[in-house]
Structure formats: C-alpha cells, structure tokens
Amino acid sequence: MGGEGRFLTDRLRILTPNAHVELSSSWRFTQSTLTVGILYINPSDLGWNPPVSSWIDRREIQSERANLTILFDKYLPICLDTLRTRVRCFRKCRTTQLELSCVLTWCHHTLWPLNDLCETSFLGPCGASISQLVDYRVEFSKWWVAEFKTIKFPSQGTVFDFYIDPETKKFEPWSKLIPQFEFDPEMPLQACLVPTTETVRVRYFMDRLLERRRPVMLVGNAGTGKSVLVGDKLSSLDTDAYVVKKVPFNYYTTSAMLQGMLEKPLEKKAGRNYGPSGTKKLVYFIDDLNMPEVDAYGTVQLHTLIWQHLDYGHWYDRTKLSLKEITNVQYVSCMNPTAGSFTISPRLQRHFCVFALSIPGQDALSRIYSTILTQHLTSGNFSGAVQKSAQQLIALALGLHLKVAATFLPTAIKFHYIFNLRDFSNIFQGLLFSTPECLQHPQDLVKLYLHESNRVYRDKMVEEKDYGTFDKIQLETVEKLYEDIEEALEQTKRMNVYCHFAKGVGEPSYRPVPTWEELNKILVEALDSYNEVNAAMSLVLFEDAMCHVFYMLQFSCRINRILESPRGNALLAGVGGSGKQSLTRLAAFISSLELFQITLRKGYGIPDLRADLANLYLKAGVKNIGTVFLMTDAQVADEQFLVLVNDFLASGCTAATVHVGACSCVTVTAGGNPVWAYSPESLENHCYRLRDAFFLIYESGVGRHHLVQVVLCFSPVGSKLRVRSRRFPAIVSCTAVDWFQEWPQEALESVSLRFLQEIETVEDSVKDSISKFMAYVHTSVNEISRLYLSNERRYNYTTPKSFLEQIKLYQNLLLKKGKDLKARMERLENGLEKLKSTSAQVDELKARLAAQELELKQKNEDADKLIWVVGVETEKVSREKAIADEEEQKVALITQEVEQKQKDCEEDLAKAEPALEAAQAALNTLNKNNLTELRSFGSPPSAVSNVTAAVMVLMAPGGKIPKDRSWKAAKAAMARVDGFLDSLIKFDKENIHENCLKALQPYLHIYRIPSLNPNS
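Calculation criteria
- Residues numbered from 1 in each chain as written.
- Predicted model: local features only at pLDDT ≥ 70, side-chain atom pairs only at ≥ 80, totals over all residues.
- Heavy atoms only, no water.
- Patch = residues over 30% accessible without salt bridge, like charges linked within 9 Å, V, L, I, M, F, W, Y side chains within 5 Å.
- Areas by Shrake-Rupley, 256 points an atom, 1.4 Å probe, with all protein chains shown as cover.
- Salt bridge = Lys/Arg side-chain N within 4 Å of Asp/Glu carboxyl O.
- Lys, Arg positive; Asp, Glu negative; His and termini not counted.
- Charge placed at Lys NZ, Arg CZ, Asp CG, Glu CD.
- Helix = DSSP H or I, 4+ residues; strand = E, 2+ residues; numbered from the N terminus.
- pLDDT = per-residue confidence, 0-100.
- Contact = heavy atoms within 4.5 Å.
- Axes fitted to C-alpha atoms, helices over the stretch in contact; angles between N-to-C directions.
- Parallel < 35°, antiparallel > 145°, perpendicular 65-115°, else oblique.
- Left-handed = near helix turned anticlockwise from the far one by under 90°.
- Nonpolar A, V, L, I, M, F, W, Y, C, P; charged D, E, K, R; others polar.
- Buried < 20%, exposed > 50% of the residue type's maximum accessible area, 1.4 Å probe, protein only.
- Pairing = 2+ DSSP bridges.
- Phe/Tyr/Trp six-rings, centres within 6.5 Å; stacked < 30°, edge-to-face > 60°.
- Lys NZ or Arg CZ within 6 Å of the ring centre and 35° of its normal.

### Details of a negative patch on the surface
Residues E476, E479, E483, D484 and E486 make up a contiguous surface patch of negative charge. Considering the arrangement of structural elements, one finds E486 in helix 20 (residues 486-494).

Laid out in structure tokens, this is it:
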C-alpha cells in the first residue's frame, strides 16, 4: 500500500495470513478504526486427512474408495510420525508441509485400477513418497520392515531398493530396470547419464507424474545429476506431443523477465486463453528455482507468479492488465538447497512432488566409472595388464575423492571447496584422453590418475598447508591400494605433467612430458610463434608457470588442458599481475583457438554484451571457429553481465542472443559437419530452430568440438568473488577452478634474472646476486604483510605484479642513474678538453698579442701623422665653408628674385590668358571667305598691314624673321587661303621662338594704340 493510509468501507473485509501482516509496515490496525478477528488454526487439528479424503472422494468406484481409506489409515499416520521424530529430512520444512508433500506424492503414485488394487501395490510408492530423505534411509528401512510385517520385503537391501512389478505384483529390485550403458567416446563425460538404481527409481516416478501433468521437483547438491536427469527425460518426450521450454533462474531474474520467458512459446487461443501451439503440451523446466533474490519482505516475486499460476491457472498481462488463462502447461524444477535462498515458499512447494537426489553410493559410482573406463580401455586396445588394473584404479579414485570431500570443507574464504561428482567426472575425462602409447603399464595409469587428481583437486586449493595435506592423503591412499609403487611415486615427485602438446604445438597427443627443459623449449617456441603474429607478450615460463598454460611450465599446462577438454571452461583466480590473461592467450594459441574479449565503452550495457555474444556465437557456430571468451574483473561493468555468463556456463547457450536480422544465409556446423542450413527466406520462420541449433551445438558438445569456451580471470581479493559464486553458482560449479598462488622463491629469482639478462650495463657476475636479493625483498615484504594482518587486521597486498613493478623500477632507476652518471662523465671530459683547448688558445693569443703590439705602435705613429694632416685640411675646409656660406646667401637672393619674377609672370599670364582666349575665339571666326576678302584689298589700312606683318613674324619658321613684311608680302603669304587658315589654327603658341618674340614687340606697342584695339 506504499505506506499510505487506507480507509475501509462498512462492506469491505480483509482476509490475510498472519505471515503477510507481520511483514507489512503499511497495515496499521487500531481499536478505533478496525476490529481484527484472529482465527488460529492448529496444523495438527487438520493433519493429513483433508487432502487424502478429497482425493479419495474423486475416485469413481466405491469399493476402491473404501480400500484406499483403510490403507491410508493403516500406513500413513505412523509413517508421518516417524518422519517427524526419527528421520532427518534433506531440508528443514514445516510439519504440515512435509506431511502434505508425502501425502500428495503417495496419492499421485497410487495408480492401480480397482480390480488390481491390493496392499502390496499400495506400498509401491512408499519409496517415492519419502524419497526426499537423504540420511537415515537404512534406519527407516529397518523400522519399516519391523513395523509392517504384513508385506514381506526381500531380505537383501532396503525398502528403497525395490519396486512392484506390474505383471507379477511382486517386489523386484530397481537394478533390474537398469539398461545396458554404452559409452560414446565422442560424447563429453559431463553429458553422459549412466543409469543407477536411484536414477532409474526417480525416472520411474517422473514418467508417471509427468504423464499425469503433476509438478515435479528434484532437490540435491551440486553435481548429483539433477539437470542431466531432467534433461534426459525431457529429451525423450515425443516432440509431436510436447514442447519443452528451459527457464534458468539466477539472482537477477525478475518476475517480468520470467513472465516474458514463460509467454514466449505460448500463442493466443480463443478469448483470453493462451497455450502451446496446436494440441501440444508445454513443459517448463525451471532450473535453480531458489536462486532469485529474496526481497525485503522475505518473498520472491518469481515464486509468487508460478504459485499464482499453479493455484488459479492464470496470470495478468502487464501492459493491458487483462487476465490470461494459461492451459496445457506443467512444471519440472530443480534446486540446490545449499545455494541461493536455500528454501522456497511453502505455498509454492506444496504443489510439487519433491524427490531428493543424493550422491550415489560407492557401489553405484564404482559401477558407473568402471563401465566408462573399461569400455575406453577395451575400445582403445590397451594392454591387458592396464585393463585389469582399471577396477583397482576405480577404488583408488573413490577412496581419494571421499577423503578429499571430507577433509577440505568449504569456509567463507575457501567457499569453492566443494568436491562433488563433477570433479570426479573431470578426473575421468582426463583419463579418457589417454592412448595406448602413454599407458603401457599399470603404473602409467596410476601416474596419469595422480596428475589428473592434482589438476582437479589440488589446483583448487588456496594455501600451502592444504597442498601438504592433500599430498599426504593422496600418497597414503595410493600406498594403501598399490604395492611396489614407490618408484612410480618417486618419478611423479620429480616430473609428472601430461599435456596435449607434448610432441610440439600442432601435434595434439595427450602424453607425459619427459623433462622440464623439453617442456620449457616447447612453450618458448610457442611464445615466439605467438609474438610473430600478435602483439609481443613477455612471459617468463618458470617451472611453476609451466604447469599452469596447460592450465603458466605449471601454469601453462593447466589452462591448455582445460581448453582441450569438452566444455572446458575455467575460473582463474589470482591477484592482479599473476599472468592469468597472458597465459590464457598463449594456451588458446597452442590449442588453435581464437580469443575474444569485449571492449568497454561509454554506455556499454547488457544489450551491447548480447550483441557481442550473438556475433561470437555466429562466428563460432556458422564458421566452425573455436573461440575462447576471456572476461576479467575490469570488464564486468555491470554485475548483470554475469547473468549471461552464468547461463552460458550452465547450459552452453545464452538466451536471446541470436537475431535473425543479423543473418543472411546460415549453416550451423559442428566439427566441420553441417547440422542445419537456412536460406534467407526460411530464417524468419525458423528463428527458434536456429536458436535451438546453437543450443544443440553447445549443449551436446559433440565430441571435442567445443566451439566456445569461457575463461574468467577474477581476483579473490575481498568478498566480491565469494558473493558472485553464491549469486551465479555456475561460475564455480561449471568451471575448472585454478587458484594462482604466490610465486615461489625460485620463480621470483628466475623472473628477475630473466629481466636482468637484458640489461647490458650490469656485470654478469653480480646479476645472480641481484636477482636473489630482489626475490628476498619480495618474500620479506610478504612475511611482514602477513604479520601486519595478524597484528593490525589490515591487508597489504603484494602481488606478482608488484614484483614486476619492482624489477621495472630497478631497470628505470638503473637506466636513469646510468644516464646521469654518463652525462657527468661526459661533462667532466668535455671540461678537461675545454681547459686544454683554452690553454693552447691563450698561448696562441699571447704570441699574436706581442706581434700586434708592434703593429699597434706603428699604427699609433701613423695615426698621429694623420691627425696633423687632418688638422691642416680642416682649416682649408673652414675657409671653403665660409665662401660657400657667402655664395649660399647670394643664391638665396637670386632665388628670391626668381620667385618674384615667377610670381609676376604668373600674374601676367593670368592677365594674358583672357586675351589669348579672345584671340583664339577671333581666330575661330575666320573662314576662307574672310581671308579671300582680305587678300582682295589693294591698299589696306596701316593697322591691317601691321597685323599681317605681326602674323608673318610669329609664323616665321625657325625664328627666321622675314625682312619683307609689307602688304604685298602678306598677300603672297595668303596666296593659298586654305593652307594659310590651317597654319593659323594649328599654330604652336606654346613654343614661339625667341627671335619671333623680340621682333613682335614693336607690333605689340602698336596694338596698344586705340585704333588697333578690337574692343575700341
């Protein structure tokens, strides 16, 4: 109610369980506002009878109902009382819940018709109804046989070991129903389901429950085969009648995500009904049912959604808020009670028939793995002595596994110390890599087993103390079962490493490597080859490192072994700088696998990771390219990234990563062989089938064609890895854990010496001492850090990266100080050279100075003489200057006069210009007729003759004044009227000759006479 107040009307009533009220802070009941009636129902008052009576009443035959009532009254009360008081249950639950679960299971398994119903057949489901018990089965069996003597069980075994044959109505051992197992060498051992008495028993009841559409739940620790058993059952269903939808749960799964996954295979029917396509039945397989996060109110939203559907058969559309009736669906689930939220809601669990799967007994394990190992040795034509020693090796493996599981228990720091059947299978998966060439004697098989057990058990361990304990247990177990094995054990102490590249990179063959030197040579060659085609990677493959690229000489070989295994996924746990990423790259290169890492960028989220994984799947599945997906702590930008990783590790595929739009034409392959092919037209209609094709490739892991493998490089510092392992259990349970330890003293010396060899400035005689001192400094800091933790409870982490940084710091300081020293030496040498050069130059300068003093004396004398000459010349210059000044004054006067005359001329010119313009205007008025008329005068007036004479003076060529300037001469000049007129017009008045001007003066005086003035 969101913490808000709510007012109830008079007609409103609320019915709620007290468990809901106590967790709801918004319910505020007061006497003045609401009266609450409390009805207490004692579980013992109800008991088991109501559900049994309800079920019996639905039987159609009266006599059958009567017989069933008698049988239930006889057997059920005392059995339930024994369950409550004398038997330890697998999980803690309420009494009523336990009773109800047993009662319902019993009811669902009472399947005989009336005419066949008898007391013996009624007791048939007793093994199923109490099969959720893990402990005290033998004790319960003894009690049963002693309590109920009407029905005689066989004397051998327990009541759980028998079933009632429908034909004979007699007890038969479940082992009779165990089919013959044929081991497929192309099938990964993790995918094999070897039938045992318990798997056959559980499968028997699962078949009948699923046939009647009853929810089934398998409960058991990791590695007990829950998912494999359910997967085997679901894969055997008729695909024409059933559709299977796997729904994996994880810590971050929400109810909205669950509803989306549940609705994906559904289609709309009539009205508001939804169901699988056609008349098929849909089976939801919910794995890790108890993994989702529990909210603040102690509930799980996902469980509530499933509970709602099981109770009412519907849920609601989250967008339209409308009802959806879901039909033809049923549930099968698995859960690990030691992980996640440990328990689930009783309201949900009451719907399920619960079966507990425990780790098979020694007899069953011996039969399972002896069958597998014997078939491998037989089909591989191993020697007879090796084949005969198989059963002895099985006893060794079982004894060591039980001691390891009992000795090394999980703690808050050693949270991954969970040794189950997955580890046991991984050991035998390594044994199945063997060939007759590497196993020629029984001792060879023991040495191979010791190597594989070290890889599976020892590599997980955190402390040196645990190493010692494990080695002691391993040695005692071997010596107990084998005689004359001391020589083989001595050889394993010196060198016991098997790898797939013992013959060299590119020649896969699982066999032992003779010496560390040979292994180092192979890995160095592989590293050189890697550096030729990739960015250079500097690695020092010391002994402990060699035994980890197989997994780094130790670290190198371990990783390679994992990558060569089917479903070989690895969790490399080590502090930063341990070499996890570099060794993974080298191991992937040795195994001819490509390496893929996501590239974080701003805004990178779940959709981007899905897209990257989709491209990775397409590249691996379509192009048949084996790939290693490497993820580090730094790349987990969002913890929900690990949801996809967890799903991939658990099932081999991640949902919703393959998009049809990203494909044009797809051919899915496995091991080079096409599985399915799709054209662009069919892709849209086969998107689910395409996803299933990828799922098949990764889920089945056909042979050794493991296309995508995951390597997680995480740091164990702090609680982050522990929390992740709890929220995402597949990170630990579905990977091979390799815990990177502190580098030993020899490794530190080897690494530092390797880097010192590259420094030419250090003498070879001291490099070994320097490397030992570097290792001593690092180990002493580690010891002080442990003491600091013990005293102050605070951590100071010193990692291999710190040691490498120390070496780098030494190199940098050595280089810096060397440069500084070299610079000082050069400076000193240059100073001495300068002093020598300066001394020589001073001597030379002294000689030159003595010669130059003589020259200076001579030049001083010459200068004195020159000064006297200059003084004489200066007096002359002074006199000349006085004369020049006088002339300058005269010139100034002349200039003044010229300027005055110029001014006068300009004034005269200004006065003459009007007359010139007038004369020009008058000239323009003359024409040929005027001149002809003038020329016709016989004796013109004197003024006219003076004018003609003045014209003749002005127009005298070259200033040659004609002497005859009479009227007659003038008429002669005007003989050609046109030419004369043209010469007048074109007369150059700007350049009149000086003679003409002088000769014209008299006429100008005449012009001043009034009679000649044209204006008068």
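### Brief notes about the pattern of salt bridges
According to the stated counting rule, one finds 31 salt bridges in the structure shown. Connected through shared salt-bridge partners, R203, D207, D232 and K233 make up one network.

### With respect to the confidence of the model for the chain
With 82% of its residues at a pLDDT of 70 or more, the chain has an overall mean of 79. This model gives residues 110-117 a pLDDT under 50, and the stretch forms 21 contacts once residues within four places in sequence are excluded. Low confidence marks residues 656-704, where pLDDT is under 50. Its contacts with residues over four positions away, or in another chain, come to 103 contacts.

### Re the packing of helix 16 (residues 390-407) against helix 18 (residues 442-456)
Remark: helix 16 packs on helix 18, axes separated minimally by 11 Å, with the N-to-C direction vectors making an angle of 25°. Classified by the angle their axes make, helix 16 and helix 18 are roughly parallel. Handedness of the crossing formed by helix 16 with helix 18: right-handed. Contact residues: L393, L396, A397 and L400 in helix 16; L445, V446, Y449 and S453 in helix 18. In terms of residue class, the contact of helix 16 with helix 18 is made up of seven nonpolar, one polar and no charged.

### Comments concerning the packing of helix 9 (residues 197-211) against helix 10 (residues 226-235)
Geometry of a packed helix pair, given as the angle between the helix axes and the separation of the axes. Packing of helix 9 against helix 10 brings their axes to within 11 Å, and their N-to-C directions diverge by 45°. What the angle tells us is that helix 9 and helix 10 run oblique. The chirality of how helix 9 crosses helix 10 is right-handed. Where helix 9 approaches helix 10, its residues T199, V202, R203, M206, D207 and L210 are matched on the opposing element by L229, V230, D232 and K233.

### A closer look at the environment of E182
Secondary-structure assignment places E182 in the loop between strand 2 (171-173) and helix 9. C-alpha separation for the pair E182 and V194, spaced twelve residues apart in sequence, amounts to 8.9 Å.

### Concerning a nonpolar patch on the surface
Judged by side-chain polarity, L866, W868, V869, V870 and V872 come together as a nonpolar surface patch covering roughly 490 Å² of accessible area. Summarising the element assignment, L866 is placed in helix 33 (residues 800-925). Given the relative accessible area of 53%, L866 is considered exposed.

### Some points on the pairing of strand 11 (residues 353-356)
Taking every second residue as pointing to the same face, both faces of strand 11 are buried, with C353 and F355 on one and V354 and A356 on the other. As paired elements, strand 3 (residues 216-219) and strand 11 share four bridges and run parallel to each other. Bridging from a neighbouring strand, V216 pairs with C353 of strand 11.

### Considering the packing of aromatic side chains
Across all of its chains, the model carries 30 aromatic pairs by this definition. Judged by centre distance (5.6 Å) and plane angle (85°), the rings of Y530 and F589 are edge-to-face. The exposure class of F589 is partly exposed, given its relative accessible area of 27%. Feature note: the residues Y163, W174, Y204, F205 and F355 constitute an aromatic cluster, connected by ring pairs. The positively charged end of K324 is found above the aromatic ring belonging to Y274, 4.9 Å away from the centroid. Over the ring of Y467 we find R458; its NZ or CZ atom is 4.2 Å from the centre of that ring.

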